[in-house]
Amino acid sequence: MEKKLIIVVSPPACGKTYVSKQLAKRLCHVVYLDKDTLIPLSKQIFAVAGEPYDRSSDFFEENIRDYEYDCILALAFEALDYDDIVLINAPFSREIRDAEYIKNLREKLSQKGAKLVSVWVETSPEIVHERMIMRNSDRDTWKLAHWDEYIAGCNFSVPEELDDPADKGDFIIFKNNNDEEFEESMKRCLEILENG
């Protein structure tokens, strides 16, 4: 079986975590990694720097954001030495629309005998708003307080950069607006991942 790095991506509150965990539970030989696991470390960086905890701030952008991605990818690459599938739950909001970034990631993976598989969680902005209110997380405080500004800056369009036309199983759209869509998408996603 070809090794795979699966990235489950979408704007925040589309259901990435739930989709990722359910997918990881149903796949065999998978290492599950969640970028949010790094949040306690990031909070400590804010505290030590004397900065208010704000993941939408310039401080976060300049000193933390990219390093969180570097760390989670380093863990993923190491895990691929020991198992066939690594699944990362993270937005990759800028990276997934950067063709050069994706090309470099694919090249690094090919050196390990692995391929990139992207799962795009598709959810409407209205459902996202409801879910963000329900999860009541401090990481969403600014987003909810400035909803119109925040949502205007989110890109809900399908990231075509992730789809390699030469590879049928490298890009999967996972519809997640309701339970019925979720189950249909899960079934289709597992068929592609297990047979690809």
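Structural data are supplied above this passage.
K.L.:
Could you give an account of the packing of helix 1 (residues 16-26) against helix 9 (residues 179-195), naming the residues involved and the relevant values?
P.N.:
Running from N to C, helix 1 and helix 9 point in directions that differ by 50°, and their axes come no closer than 11 Å. The orientation of helix 1 relative to helix 9 falls into the category oblique. Helix 9 is crossed by helix 1, and the crossing has right-handed handedness. Contact with helix 1, carried on its side by Y18, V19, Q22, L23 and R26, involves F182, E183, M186, C189, L190, L193 and E194 of helix 9 and no other residues of that element. Taken together, the residues of the contact of helix 1 with helix 9 break down into 8 nonpolar, 1 polar and 3 charged.

K.L.:
Quick rundown of helix 6 (residues 125-135)? Include the residues and the values.
P.N.:
Burial in helix 6 covers these residues: I127, V128 and M132. Down the axis of helix 6, the smallest arc covering the buried residues is 135°, so these residues share one side. Opposite the packed face of helix 6, turned more than 90 degrees from it, sit the exposed residues E126 and M134. Buried residues in helix 6 make contact with helix 7 (141-145) and helix 8 (147-152).

K.L.:
Which residues make up the layout of surface pockets, and what values go with them?
P.N.:
In this model, the largest pocket occupies a volume close to 1000 Å³. Contributing elements (two or more residues each) for the lining of the largest pocket: helix 1, helix 3 (58-63), helix 4 (65-79), helix 6, helix 7 and helix 8. Grouping the constituent residues of the lining of the largest pocket by class yields 16 nonpolar, 8 polar and 14 charged.

K.L.:
Can you break down the sheet that holds strand 5 (residues 171-175) residue by residue, with the values?
P.N.:
Reading across the sheet, the 5 strands line up as 2-3-1-4-5 and stay open at both edges, with parallel pairing between neighbours. Two strands in the sheet have a free side with no partner beyond their single neighbour: strand 2 (30-34) and strand 5. Each neighbouring strand pair of the sheet contributes to a mean axis angle of 20°, computed without reference to strand direction. Bridge analysis of strand 4 (residues 114-122) against strand 5 gives 5 bridges, and the strand direction is parallel. Along strand 5, the bridge assignment pairs V119 with I172. The sheet contacts of helix 9 involve strand 1 (3-9), strand 4 and strand 5, and relative to strand 5 the element is tilted by about 160°.

Criteria and cut-off values
- Residues numbered from 1 in each chain as written.
- Predicted model: local features only at pLDDT ≥ 70, side-chain atom pairs only at ≥ 80, totals over all residues.
- Heavy atoms only, no water.
- Axes fitted to C-alpha atoms, helices over the stretch in contact; angles between N-to-C directions.
- Helix = DSSP H or I, 4+ residues; strand = E, 2+ residues; numbered from the N terminus.
- Parallel < 35°, antiparallel > 145°, perpendicular 65-115°, else oblique.
- Left-handed = near helix turned anticlockwise from the far one by under 90°.
- Contact = heavy atoms within 4.5 Å.
- Nonpolar A, V, L, I, M, F, W, Y, C, P; charged D, E, K, R; others polar.
- Buried < 20%, exposed > 50% of the residue type's maximum accessible area, 1.4 Å probe, protein only.
- Arc of directions from axis to C-beta.
- 1 Å grid on protein atoms, 1.4 Å probe; cavity = no way out; pocket = protein on both sides within 12 Å on 5 of 7 lines; lining within 4 Å.
- Points joined across faces, edges and corners; volume = space filled by probe spheres on them.
- Pairing = 2+ DSSP bridges.

Fair warning: the whole summary comes from geometry, so function is off the table for now.
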